[in-house]
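Spelled out from the first residue to the last, the chains are:
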Amino acid sequence: MQVLKFGGTSVANSQNITLVKNIVANSDSDKTIVVVSALGGITDTLLHAAHLAAKQDSAYKTVVKKIESRHLETIKSLIAIQAQSEVLSKTKSELNTLEDLLEGAFLIGEITAQLSDKIVSYGEMLASYIISVFFQQQQLDAVHVDSRELIITNEINGKATVNFDITNTNCQTFFSNTAHKVIVAAGFIASSENGNPTTLGRGGSDYTAAIIAAAINAETLQIWTDVSGMYTANPKLVKQAKAIPHISYEEAMELSHFGAKVLYPPTIQPVLAKGISILIKNTFNPEDAGTLITKNQNDQGKTVRGISHVENIALLSLEGPGMVGIPGISKRFFEVLSQAEISVVLITQASSEHSICVGISEDDIDKAVQIVNTAFEYEVDRGKIKPVIAEKNLAIIALVGDNMKSHQGLSGKMFSTLGKNNVNIRVIAQGASERNISAVIKKEDVKKALNALHEEFFEENIKQLNLFVMGVGNVGAKFLNQVDQQKKYLNENLKLNIRIIGLSNSKKMVFAEDGIPLKEWKANLATGEKANSDRFFEKVNQLNYRNSIFVDNTASAEVAASYNSYLGNSIAVVTCNKIACSSAYSNYQELKNLARTYNAPFLFETNVGAGLPIIDTLKHLIASGDKILKIQAVLSGSLNFVFNNFNDELSFHEVVKQAQEQGYTEPDPKIDLSGVDVMRKILILARESGNQLEISDIENKSFLPQESLDTDNNDDFFSSLVKYESDFQQLYSDAVAKSSKLKYVAQFEKGNASVGLQEIPKGHDFYNLEGSDNIVLFYTERYPDQPMIIKGAGAGADVTASGIFADIIRIGNF
């Protein structure tokens, strides 16, 4: 014999019930017991009707009409016309009785627990009856049995306790004597020894099926639902979650207790002692393997079997010096909660006995605070114990696995992963069996925590990076193209999955929670909402993704000013924008401190030398104990391009215009030509060398006329270059006369920094620097005479984008 249980979604409508019939018809067992829930959503609707009636709100009648309509429509869709009359008549009769019960609640203005059980029982009663008739119509040898005649409980309504001696006898007698091959029974409902209707608690249809399976020693208990088994995590929150093929009873109980809604927690208990296997299957994909639950699971290689969570948790903390060494405090605390029928789901106590903390349902927290404060009123008045502390909006997240106890470091791995993603752990608990490690976190962090832990324990070390990109001009567009080109390589070789979640330019911004298709990013951005940097940050913070990275491809001071907010919320920042790192030293230092405090990488390799590894090399020199003595550098690819192409045949104005058009300069070329950009770069290198320096400390020997420096728009700036062409030609001819080349050089030595145009003679390291290349000479204690030289392309959208990309990959490899 087999027992098959079908949940509310499986019997929600006539189409689904037809799928159920097909599954039952294909059963190869000599006798199949089918336990069904109410039509999907009906139990909640019945409770709503009862609530309205108890409030003396006549709207309950409208709700009853909806319940009636739902059942009658189902009958008309399933049952042949010639057989409908009897079924419709019986159903309407039952619904009339239901309406009478609700009218009684309406008249007296209240609803008792016993009356509530009577009302909600109609969902399963009607569904099981209708389905049994449908099975008969479909030529199945089916019969309907009233579960209230089989399962006997005590008189406690709402969540009755089963009398297994009587129940087992009833089930064995009935199922051994019936000749029918298919027996349809209602889940959830039962009756007391005195014949009063009772229920087994929400989700109790699973329990009904398990009770029957254990009573008749069934071969298997099959739970048919809308998912293909128990998953490694909630698939609605973790898209990479996978069905667990095989799991032990104990693991299943832990997962179901901590929120895996596929299975009702008490379900396993009746079948556990009998060693009956449970198979979780998907009504809508019956060919899927599902999850098999047995006494032992054979996959000894897996330590963590699943990650589960419970939301709407509150913490109740009792603490004070008067608790230390005083026997009975804990007993009184838990006794008060027990007497108020408040269930404790998690317990932790300091070894000093100074405090006790428990996790309970948020629905019970206000009542719990009141009764505990009353119980300890004497101690509180005398200052021995503080008034109880309540914390709301929390959730429990739990790792579950039989083999966890034999593996070291799992707790550390769990807490480290949560910490890296700025998930604060409020309370930790671990059972003596070491089958479960639980932590209490903010409810708003649940999705991020589940995904981060699932990535760590189940996803073959593939790390997902969630990017929020601001700026999609020359550099930004090249960057997005590079990410798109390299996605497959990164996934296969570096185990990185990069998603662009948010995009913004100066006019529009767009977000896609599952990632923006990179081949369509322009079209997506065009239809986005109005750009706003504050709103952009709010959205990034609201999404609260693990491994979030803010990428700044702009030259905006407003955007640079937002880095503190991102880093302070454990969101990494990657930027080619030099403004933040060249701002006031106090701000630069604060950004570095925030990055350390909140474990949020702050990378800005492209601030100096575009894609060249200048800052990274400098950091390695310092980290290895070397000391910087002097830095000499040509740090402006823009200026190097300009002076490499400027001659007596091509005007200075034309060369600068060419550099701007080819993307070698900032949108405002005066930033490059004034030396401000180079000042920022040498300032950043000086600071990364360990020196405290402000930009005002740097000497700028500008070659531009003051009139050019005073312009406030590009048109006026270019006009001034035309006006002073003779001055620029004089600079060129003076250098040629000395067989030298013009280079804009930055230098830092003994705490002093300067930038300016220099005539570089033949034989100098800078002389043959071509195109837009950069070069940096690091003179250090280890390289005092022959400096370490870094040379290469230092400007251009492609190389800058590749430098940003490299920083993101560094974060992925942390």
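The structure contained in this document is the topic of the report that follows. (Residues numbered from 1 in each chain as written. Predicted model: local features only at pLDDT ≥ 70, side-chain atom pairs only at ≥ 80, totals over all residues. Heavy atoms only, no water.)

**Quick look at helix α4 (residues 81-108)**
With 28 residues, α4 extends 41 Å from end C-alpha to end C-alpha; this agrees with the ideal 40 Å at 1.5 Å per step. The principal kink in α4, of about 25°, is found at Val87. Of all the residues in α4, the buried ones are Ala83, Gln84, Val87, Leu88, Thr91, Leu95, Leu98, Leu102 and Ala105. In this structure, the buried side of α4 is in contact with α2 (42-54), α3 (60-78) and α5 (113-137). (Helix = DSSP H or I, 4+ residues; strand = E, 2+ residues; numbered from the N terminus. Expected span 1.5 Å × (residues − 1). Bend = angle between axes of the 7 residues up to and from the residue. Buried < 20%, exposed > 50% of the residue type's maximum accessible area, 1.4 Å probe, protein only. Contact = heavy atoms within 4.5 Å.)

**Section: the environment of Asp798**
Relative to the helices and strands, Asp798 resides in helix α29 (residues 797-812). In this structure Asp798 comes out as partly exposed when scored by relative accessible area, which is 44%. Spatially, the C-alpha atoms of Asp798 and Lys657 are 20 Å apart, while their sequence positions differ by 141 residues. Asp798 has contacts with Lys478 and Gln482, leaving out every residue within four places of it along the chain.

**Thoughts on the side chain of Ser147**
Inspection of the secondary structure assignment puts Ser147 in the loop between β3 (142-145) and β4 (152-153). When its relative accessible area of 1% is taken as the criterion, Ser147 is described as buried. Sequence-distant contacts of Ser147, that is, excluding residues within four places in its chain, are made with Ala185, Ala186 and Ile189.

**Here's the deal with the side chain of Lys281**
Its location among the elements puts Lys281 in strand β10 (residues 277-282). Salt bridges are absent for the buried Lys281, whose nearest opposite-charge side chain, Asp288, sits at 7.4 Å. Every residue in contact with Lys281, bar those within four places of it in the chain, is listed here: Ile223, Trp224, Thr225, Val227, Pro286, Asp288 and Ala289. (Lys, Arg positive; Asp, Glu negative; His and termini not counted. Salt bridge = Lys/Arg side-chain N within 4 Å of Asp/Glu carboxyl O.)

**Examining the sheet that holds strand β6 (residues 189-192)**
Spatial ordering of the open sheet is given by β4-β6-β7, a layout of 3 strands whose pairing is mixed. Strands at the two margins of the open sheet, each flanked by one partner only, are β4 and β7 (197-199). Here α5 sits on the sheet and contacts β6 and β7; the angle it forms with β7, its principal contact strand, is near 75°. (Pairing = 2+ DSSP bridges. Axes fitted to C-alpha atoms, helices over the stretch in contact; angles between N-to-C directions.)

**Observations concerning the packing of helix α23 (residues 652-661) against helix α27 (residues 714-723)**
Running from N to C, α23 and α27 cross one another at 145°; their axes reach a closest spacing of 8 Å. Facing Phe652, His653, Val656, Lys657 and Gln660 of α23, the residues of α27 in contact are Asn714, Phe718, Leu721 and Val722. Its residues assigned to classes, the contact of α23 with α27 comprises 5 nonpolar, 3 polar and 1 charged. (Nonpolar A, V, L, I, M, F, W, Y, C, P; charged D, E, K, R; others polar.)

**Quick look at the packing of helix α22 (residues 637-645) against α23**
Where α22 contacts α23, the axes come no closer than 9 Å and their chain directions differ by 140°. On the basis of the axis angle, α22 is oblique to α23. In terms of crossing hand, the pair formed by α22 and α23 is right-handed. Between α22 and α23, the residues in contact are Phe641, Val642, Phe643 and Asn645 and Phe652, Val655, Val656, Gln658 and Ala659, respectively. Residues that form the contact of α22 with α23 fall into these classes: 7 nonpolar, 2 polar and no charged. (Parallel < 35°, antiparallel > 145°, perpendicular 65-115°, else oblique. Left-handed = near helix turned anticlockwise from the far one by under 90°.)

**Some words on the pattern of salt bridges**
Tallied over the full model, the rule gives 23 salt bridges. Measuring nitrogen to oxygen at the nearest pair gives 2.9 Å for the salt bridge that ties Lys5 to Asp206. On the criterion of sequence distance, the pair formed by Lys5 in strand β1 (residues 2-6) and Asp206 in helix α7 (residues 204-215) is long-range, its members being 201 residues apart. Residue classification places Lys5 among the buried positions, given a relative accessible area of 9%. Note that Arg810 is salt-bridged to Asp807, the shortest N-O span being 2.5 Å. Linking Arg810 with Asp807, this pair stays in helix α29, spanning 3 residues, or about one helical turn. Relative accessible area serves as the criterion here: at 24%, Arg810 is assigned to the partly exposed category.

**A look at the packing of aromatic side chains**
Here the structure, examined in full by the defined rule, presents 24 aromatic pairs. An aromatic cluster of three or more residues is present, and its members are Phe468, Phe511, Phe536, Phe537, Phe550, Tyr563, Tyr566, Phe602 and Phe604. Above the face of the Tyr545 ring, Arg499 is positioned so that its terminal group lies 5.5 Å from the ring centre. Here the basic side chain of Lys619 rests over the ring of Phe604, its NZ or CZ set 5.3 Å away from the ring centre. (Phe/Tyr/Trp six-rings, centres within 6.5 Å; stacked < 30°, edge-to-face > 60°. Lys NZ or Arg CZ within 6 Å of the ring centre and 35° of its normal.)

**What about the environment of Ala142?**
Following the sequence through the fold, Ala142 ends up in strand β3. Considering only alpha carbons, one finds Ala142 and Gln2, 140 residues apart in sequence, at a separation of 14 Å. Sequence-distant contacts of Ala142, defined by excluding residues within four places in its chain, comprise Ser132, Phe135, Gln136, His180 and Val182.

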